[in-house]
Amino acid sequence: LHIATASGNTAKTVYHEKAVKPVSADAALLRKELGRFTASPLYMLNCGLGTVFLVVLAVLALIKGREVFLMMNALFAGGEGFVTVLAALCLCLLAGSNDISTPSVSLEGKSLWIAQSLPIDPWQALRAKLRMHLLITELPLVVCAVCVAAVSGAALPEIVMMLVTPMVYVVLSAAFGLFMGLKRPNLNWTSEVAPIKQGLAVFLSMFVGWLVAVALGFLYYALMARVGAVAFLLTVTALFAVLALVLVRWLKTSGAKIYQHL
C-alpha cells in the first residue's frame, strides 16, 4: 500500500514575482501559432523548409550569383528578360515550398474547441495563421530576393518586379493553403504526421503552387519575343493579387463560418 500510494520525489518550484505585460488578442493569437510551430520539429521541418532554402540561396547568390547570371544571359542572348522572369519564378517556387498555413487548422485537433470558445471573431484566429505563414516566409524571401537582385545586373524596373512578384505570391500561397486546410480538415489524427505530411490539402497546396510557377515559366518562354519581362511580371503580380484578395475575402466570410462550426 505504501509503494502503490507513494507520490515520488517532486522538486519544489520557487515562485518569483514578475510583471506580466498585456498584449492584444491578435498578438496573443500570433504568439500561440508561433509557439505551436516552434514546438514541433516535424511541423518546422516539413512545412517550413522553404525558409531554409531561401536562406541558402541568399548565401549562394552572394558567392556565385553573378557568375550564374552572366552564364544565363549568355545562354539566352537576346532574351535577357527571360532570366529575370526565371529568377522571380524560382523565388516563388522556393517560397511556395512553405505550406505552414495548410495544416494549421488540422493541428488544432481535439483542442479546437478552446479556440472556438474564446471571445474573438473566428476571422481573428484564421488571420493569425496567415500572419504566421507570412512572418516565417516573407522575411527570408525579402533577404533572398535582395541578394539575388543585387547580383543580377538587371535594370531597376526588373529588380523591383523581382522583389514584388514573389512577395505577392507568398500572400496567395498562404491564403490558398489555409483555404485547403479549411476545406479538408483532419481533426481526428493520432499522430502529427497525418495532417502535416499525409493530407490531400497539404499535397495540393504545394503541388498547385509549384505547377503554377513552372507553367508561367514556360508561358513566358513562348511569349518573350512579344512581351517584355516587366510587363509579364506586372500582369502575373496583378493576377496573384486579385486571387489573393478573393481568397482572403472567402476566409473572412465562409471560411470563418466553417472554422466556427468544425
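Let us look at the structure shown here. Bear in mind the structure is a predicted one, so any value in this text is a computation, not a measurement.

**Considerations on the environment of S104**
Examined against the element boundaries, S104 turns out to sit in the loop between α4 (80–95) and α5 (112–117). Of the residues examined, S104 reaches a relative accessible area of 3% and is grouped as buried. In the structure, S104 is positioned 68 residues away from R36 in sequence and 9.0 Å away in space, judged by C-alpha atoms. S104 has contacts with E33, Y43, K129 and L178, leaving out every residue within four places of it along the chain. Of the polar contacts made by the side chain of S104, one reaches the backbone oxygen of S101; its length is 2.7 Å.

**Describing empty space enclosed by the protein**
One pass over the structure, following the stated rule, counts 1 cavity of 30 Å³ or more. In this structure, the largest cavity occupies an estimated 40 Å³ of space. Considering the residues around the largest cavity, the lining is formed by G96, N98, D99, S101, T102, H133, S173, F176, G177 and S205. A per-element tally of the lining of the largest cavity places helix α7 (residues 156–183) first, with 3 residues. Taken together, the residues of the lining of the largest cavity break down into 1 nonpolar, 8 polar and 1 charged.

Definitions and limits used
- Residues numbered from 1 in each chain as written.
- Predicted model: local features only at pLDDT ≥ 70, side-chain atom pairs only at ≥ 80, totals over all residues.
- Heavy atoms only, no water.
- Helix = DSSP H or I, 4+ residues; strand = E, 2+ residues; numbered from the N terminus.
- Buried < 20%, exposed > 50% of the residue type's maximum accessible area, 1.4 Å probe, protein only.
- Contact = heavy atoms within 4.5 Å.
- Polar contact = N/O pair within 3.5 Å; in protein donor to acceptor, adjacent residues only side chain to side chain.
- 1 Å grid on protein atoms, 1.4 Å probe; cavity = no way out; pocket = protein on both sides within 12 Å on 5 of 7 lines; lining within 4 Å.
- Points joined across faces, edges and corners; volume = space filled by probe spheres on them.
- Nonpolar A, V, L, I, M, F, W, Y, C, P; charged D, E, K, R; others polar.

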